[in-house]
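Listed here are the chains, written in short residue letters.
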Amino acid sequence: QVQLVESGGGLVQAGGSLTLSCTASGSIIRTNAMGWYRQAPGKQRKLIALSTAALSNTIYDDSVKGRFTISRDNAKNTVYLQMDSLKPEDTALYYCNAHRGGYPAYSWGQGTQVTVSS
């Protein structure tokens, strides 16, 4: 059973920064494209950042481009999301997952809550 565990969320003022971490069991992170997703209240969960496995290319949703950075440490089996210049509209529950064929590959973890106050 694959386990995805997100951490690092919290309450921050607008303009602040947070770094989220995601660990996974086995070799999931090393062998897969990994994505960060978020779900705001009343909205669908959405992919916002993606890191490919082979070349570690990164792709971002326009809403976070230039402010968020996804990175991975395969040796630590961890994926990170550095979030800078946070805005109130970034408030959401943040999740990570492997990304295959355009879809999340595994069951979701509990996520980590990010709340940005104005």
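The structure this text deals with has already been given above.
A brief report on the enclosed structure follows. (Residues numbered from 1 in each chain as written. Predicted model: local features only at pLDDT ≥ 70, side-chain atom pairs only at ≥ 80, totals over all residues. Heavy atoms only, no water.)

Structural notes on unusual backbone geometry
In most cases, non-glycine residues show a negative phi, while peptide bonds are predominantly trans.
No. 1: Its identity is not glycine, yet N77 carries a phi of approximately 55°, on the positive side.
No. 2: Structurally, the position occupied by N77 is in the loop between strand 7 (68–73) and strand 8 (78–83).
No. 3: Overall, the relative accessible area of 15% leaves N77 in the buried class.
No. 4: Its identity as a non-glycine residue notwithstanding, S85 has a phi of 50°, on the positive side.
No. 5: When you line up the elements, S85 lands in the loop between strand 8 and strand 9 (92–100). (Helix = DSSP H or I, 4+ residues; strand = E, 2+ residues; numbered from the N terminus. Buried < 20%, exposed > 50% of the residue type's maximum accessible area, 1.4 Å probe, protein only.)

Concerning the sheet that holds strand 3 (residues 18–24)
No. 1: One open sheet accounts for 4 strands, arranged 1-3-8-7; its pairing is antiparallel. Whereas interior strands pair on both sides, the edge strands pair on one side only; in this sheet they are strand 1 (4–7) and strand 7. On average, each strand axis in the sheet is tilted by 15° relative to the strand beside it, whichever way the strands run.
No. 2: Relative to strand 3, strand 1 runs antiparallel, the two being bridged by 4 bridges. Opposite L4, over in strand 3, you have A24 as the bridge partner. (Pairing = 2+ DSSP bridges. Axes fitted to C-alpha atoms, helices over the stretch in contact; angles between N-to-C directions.)

Description of the environment of M34
No. 1: Looking at the secondary structure, you find M34 in strand 4 (residues 33–39).
No. 2: With relative accessibility at 0%, the residue M34 sits in the buried group.
No. 3: Separated by 12 residues in sequence, M34 and C22 have C-alpha atoms that sit 9.8 Å apart.
No. 4: If near-sequence neighbours (up to four positions away) are discounted, M34 is found in contact with I28, I29, A49, L50, S51, I70, R72, V79, N97 and A98. (Contact = heavy atoms within 4.5 Å.)

Describing the packing of aromatic side chains
No. 1: Evaluated as defined, the whole model comprises 2 aromatic pairs.
No. 2: Geometrically, the ring pair formed by Y37 and W108 is edge-to-face, given 4.9 Å between the ring centres and 85° between the ring planes. Taken together, the residues Y37 in strand 4 and W108 in the loop between strand 10 (103–104) and strand 11 (112–117) connect sequence positions 71 residues apart.
No. 3: Residue classification places W108 among the partly exposed residues on the basis of a relative accessible area of 29%.
No. 4: On the basis of an interplanar angle of 65° and a centroid distance of 5.5 Å, the ring pair of Y95 and W108 is categorised as edge-to-face. One end of the pair, Y95, is in strand 9; the other, W108, is in the loop between strand 10 and strand 11, and 13 residues separate them in sequence.
No. 5: One aromatic cluster is present, built from ring pairs that chain together Y37, Y95 and W108.
No. 6: Its end group placed over the ring of W108, R45 keeps NZ or CZ at 3.9 Å from the ring centre. (Phe/Tyr/Trp six-rings, centres within 6.5 Å; stacked < 30°, edge-to-face > 60°. Lys NZ or Arg CZ within 6 Å of the ring centre and 35° of its normal.)

Quick word on the pattern of salt bridges
No. 1: For the structure on display, the rule yields 4 salt bridges.
No. 2: As a salt-bridge pair, R38 and D90 come within 2.9 Å of each other at their nearest N and O atoms. You can see R38 sitting in strand 4 and its partner D90 sitting in the loop between strand 8 and strand 9, a full 52 residues away along the chain.
No. 3: Given a relative accessible area of 12%, R38 falls into the buried group.
No. 4: D62 is the partner of K65 in a salt bridge, and the nearest nitrogen-oxygen pair spans 3.0 Å.
No. 5: For D62, a relative accessible area of 64% puts it in the exposed group.
No. 6: Bridged by salt links that share partners, the residues R38, R67 and D90 form one connected network. (Salt bridge = Lys/Arg side-chain N within 4 Å of Asp/Glu carboxyl O.)

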